[in-house]
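Here are the chains, one letter per residue:
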Amino acid sequence: MAGTGKSQCPCGGAAFAQCCGRFIGQAEKPRTAAELMRSRYTAYAMRDAGYLQATWHASTRPALPITDEKLKWIGLEIRKQTQDGDQATVEFVARYRVDGRAHRLHENSRFVREGGSWFYVDGSFLERKN
């Protein structure tokens, strides 16, 4: 499993320690909503419920994080990111497998920055364009 400093980060970035590992390990805070988005994807891939809870805005945070042992996350593509002050959106496509079948999650996520930290607020699913 990714987690050693030399393995590639699940988000597709550099080595885990230099990419999302520095945020998940709390050595640094994500500077942008896109960095938070990537680190949250990685936390889902690694089933790190604590990080998911800590980066979910209190106004929309579920009692228990949504993780599923059946899902195998296999790729992330950031399509678009916008920021207006302390609010941002990130459009992404996350690919995953369930029981050997490939699926994709296309979402536009909203983020807010409070006290110097970014938090995931919510997201809306986008229709697949064929």
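All of the points below concern the structure found in this document. (Residues numbered from 1 in each chain as written. Predicted model: local features only at pLDDT ≥ 70, side-chain atom pairs only at ≥ 80, totals over all residues. Heavy atoms only, no water.)

**A look at the pattern of salt bridges**
Next, step 1: The full count for this structure, using the stated rule, is 7 salt bridges.
Next, step 2: Here E77 ties to R79 by a salt bridge, and the two come within 3.0 Å at their closest N and O atoms.
Next, step 3: A relative accessible area of 40% means that E77 is categorised as partly exposed.
Next, step 4: The salt bridge involving D86 is made with R113; its shortest N-O contact spans 2.9 Å. Highlighted residues: D86 in the loop between β1 (71-84) and β2 (87-98) and R113 in strand β3 (residues 101-114), separated in sequence by 27 residues.
Next, step 5: Members of the salt-bridge network, linked through shared partners, are R22, E28, R31 and E35. (Salt bridge = Lys/Arg side-chain N within 4 Å of Asp/Glu carboxyl O. Buried < 20%, exposed > 50% of the residue type's maximum accessible area, 1.4 Å probe, protein only. Helix = DSSP H or I, 4+ residues; strand = E, 2+ residues; numbered from the N terminus.)

**Details of the side chain of E107**
Next, step 1: Along the chain, the position of E107 falls in strand β3.
Next, step 2: For the buried residue E107, which engages in no salt bridge, the nearest side chain bearing the opposite charge is R40, 7.6 Å off.
Next, step 3: Of the polar contacts made by the side chain of E107, one reaches the side chain of S109; its length is 2.7 Å.
Next, step 4: Here Y120 takes part through its side chain, which lies 3.3 Å from a polar atom of the side chain of E107.
Next, step 5: In this structure E107 touches V90, E91, F92, Y120, G123, S124, F125 and L126, once residues within four positions along its chain are discounted. (Lys, Arg positive; Asp, Glu negative; His and termini not counted. Polar contact = N/O pair within 3.5 Å; in protein donor to acceptor, adjacent residues only side chain to side chain. Contact = heavy atoms within 4.5 Å.)

**Topic: unusual backbone geometry**
Next, step 1: Of note, Q26 is a non-glycine position whose phi angle comes to about 65 degrees, a positive value.
Next, step 2: When you line up the elements, Q26 lands in the loop between α1 (21-24) and α2 (33-46).
Next, step 3: In this structure Q26 comes out as exposed when scored by relative accessible area, which is 62%.
Next, step 4: You will see that D99, though not glycine, has its phi angle at about 50 degrees, which is positive.
Next, step 5: By the secondary structure assignment, D99 is in the loop between β2 and β3.
Next, step 6: Looking at D99, the relative accessible area reads 70%, which means it is exposed.

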